Amino acid sequence: MDLIPDPLRAWPVLRAGGTYPLDEETVVEAGPGTEGVARWLRTTVGAATGLPLPEGAGGDNRIVLAVSPGIGRELGPEGYRITADADAVRVEGGSAAGVFWAAQTFRQLLGPDAYRRSPVDPGREWSVPMTVIEDAPRFAWRGMMLDVARHFMPKDGVLRYLDLLAAHKLNVFHFHLTDDQGWRVEIKRHPRLTEVGAWRPRTKWGHRASELWEEKPHGGYYTQDDIREIVAYAAERHITVVPEIDIPGHSQAAVAAYPELGNTDVIDTTSLTVWDTWGITANVLAPTDNTLRFYEDVFEELLGLFPSTFIHIGGDECLKDQWKESPAAQARIAELGLSGEDELQSWFIRHFDRWLTERGRRLIGWDEILEGGLAPGAAVSSWRGYAGGIAAAKAGHDVVMCPEQQVYLDHRQAPGEDEPMPIGYVRTLEDVYRFEPVPPQLTEEEAARVLGTQANVWTEVMQDRSRVDYQVFPRLAAFAEVAWSPLPAPAERDFADFEQRMAEHYRRLDALGVEYRPPGGPLPWQRRPAPDGNSARLGRPIEGAPPNV
Ligand code: ACM
């Protein structure tokens, strides 16, 4: 069956090799709470197979969708059981989410062509093997972060990624919406955030050490209706969208739009533009009441758009140079009785920690936020290795493990010169497969603080969707198995078995049109960066490829 992620257990029913046929007569018997899954099944599997899959009840050819409290007790809310026997295909989950993950497995059972958008062979007969599968996720937080600030991904691409996440049973989409290089969400009270902050005149091509520029404007943003659509589309796929507005660093796009947000006594912030290169800029927010009120406005609109309990406030890589130089920032430190600039950063974070908590939400931030003390409900995304996550769990905070050494998918996936953008740590498919989200330093009780794990996709070197696909796949499939399946310790994981199942999974990705890195390495047109974004595809020679890191 070559399922990915690997299920908890599966066994054949009755006769090994028997199959349950699906045809024009097959009806979908959707129990209470499973109407959304029935809709999904009809619009995806229905489209791929050409089968109408109408609502129906009884009969001798049916797919039964049901929420089962018994399965919920046995396998948890996201757990499920599929029973395909002579009577029916029963798709039962501990909740609607469990039924949805089961439906994803059901699609895998149908074969790679079930991932197409239209049938390729109208005469083809469809069936699933007679089998029982019982399954449940290891982690409740199985995420991917996508940076749409460095390179904008138009809405259509985001919706496609939500489908790709769902196909891998991932359930959190961490949406990195703002950074120095762009502001990507419409805020009605502060329209210049997108009028000005969503656009930059040119872009560094490749790594920051590169001397190449793409001399054309880049940008874009999501309207609030776009966001509502994205959130609803995700919800129908049982994916939570966790928005991130990065403060007080990574904020140059906002300062370019509203110069009063910056440290005006240090630099002329009216001269700032949305940043056009990579790295960490010194242009951070000024620690003023005006800044706090401004971002309260932003978060207030955000809370209206995103139902997620967790709201990500960034908090990473805030350079303190301007605060050191700024008489106003120094006066603020004195007035608040803070020990210095580091605590000023904590003051920002603690303010929004309180503010979000008062509104029934929970703050999550990159592991730098630990440095100044946090409310008990705050959670930490551990990115600078495991250390932040270990410290956070030991201090009683919830943790999402996403160490850059392991699961930053912008980093190269092979040594050598062939990778399109050979930056960062080498993380092969096997390395990702052997990633363990829970470090041995945690006691069982502390380990329970690890809500889960996520793969992060920073897009400085990913100019378009093809590049994102290349960096993300196939490694996201290995990551999904780590996040979902109860794998043994890293050294004991059967990578050969995973690779063997990947053969079928590549065919699913092909059917979906995913431009993954092939097992043998990049295809000729995937190989090298190109200054104009198209010449690599056209196969023209590349001049001055950026250096390795
Ligand atoms: C990060 O990679 N700066 C969170």
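Values in this document were obtained by computation on a predicted structure and should not be read as measured data.

Student: I keep staring at the sheet that holds strand S6 (residues 89-93) and nothing clicks. Help me out?
Tutor: By definition, the strands of a sheet pair up through backbone hydrogen bonds, in either a parallel or an antiparallel sense. Taken in spatial order, the six strands of this open sheet run S1-S8-S5-S6-S4-S3, and their pairing is mixed. Of all strands in the sheet, those bounded by a partner on one side alone are strand S1 (9-12) and strand S3 (27-30). With strand direction ignored, the average angle separating the axes of adjacent strands in the sheet is 10°. As paired elements, S3 and strand S4 (residues 62-67) share four bridges and run parallel to each other. Within S4, the position partnered with Glu29 by the bridge is Val64.

Student: How should I be thinking about the packing of helix H4 (residues 155-167) against helix H6 (residues 224-236) in this particular structure?
Tutor: Two quantities define a packed helix pair, namely the angle between the axes and the distance from one axis to the other. Relative orientation of the contacting elements H4 and H6 amounts to 10°, with a least axis distance of 10 Å. By the angle between their directions, the pair H4 and H6 is classed as roughly parallel. The handedness of the crossing between H4 and H6 is right-handed. Seen from H4, the contacting residues are Lys155, Val158, Leu159, Leu162 and Asp163; seen from H6, they are Asp226, Glu229, Ile230, Tyr233 and Ala234. Classifying every residue of the contact of H4 with H6 gives six nonpolar, no polar and four charged.

Student: Hey, could you run me through the pairing of strand S21 (residues 398-401) in this one?
Tutor: Along a regular strand, successive side chains alternate from one face of the sheet to the other. Neither face of S21 is exposed, since Asp398 and Val400 on one face and Val399 and Met401 on the opposite face are all buried. Relative to S21, strand S20 (residues 379-382) is paired through four bridges, and the arrangement is parallel. Its bridge partner being in S21, Ala379 is matched across the sheet by Asp398. One crossover worth recording links S20 to the parallel S21 by way of helix H12 (residues 387-394), and it is right-handed.

Student: Is there a simple way to think about the confidence of the model for the chain in this case?
Tutor: Do not read the fine detail of predicted coordinates wherever pLDDT is low. Confidence in the prediction of the chain, expressed as mean pLDDT, is 93, and 95% of residues score 70 or more. Taken element by element, the chain is modelled with least confidence in helix H19 (residues 535-538), mean pLDDT 34, and with most confidence in strand S10 (residues 172-176), mean pLDDT 99. Confidence drops under pLDDT 50 across residues 532-549; counting only partners more than four residues distant or on other chains, this segment forms 40 contacts.

Calculation criteria
- Residues numbered from 1 in each chain as written.
- Predicted model: local features only at pLDDT ≥ 70, side-chain atom pairs only at ≥ 80, totals over all residues.
- Heavy atoms only, no water.
- Pairing = 2+ DSSP bridges.
- Helix = DSSP H or I, 4+ residues; strand = E, 2+ residues; numbered from the N terminus.
- Axes fitted to C-alpha atoms, helices over the stretch in contact; angles between N-to-C directions.
- Parallel < 35°, antiparallel > 145°, perpendicular 65-115°, else oblique.
- Left-handed = near helix turned anticlockwise from the far one by under 90°.
- Contact = heavy atoms within 4.5 Å.
- Nonpolar A, V, L, I, M, F, W, Y, C, P; charged D, E, K, R; others polar.
- Buried < 20%, exposed > 50% of the residue type's maximum accessible area, 1.4 Å probe, protein only.
- Right-handed = clockwise from strand over helix to strand, strands pointing away.
- pLDDT = per-residue confidence, 0-100.

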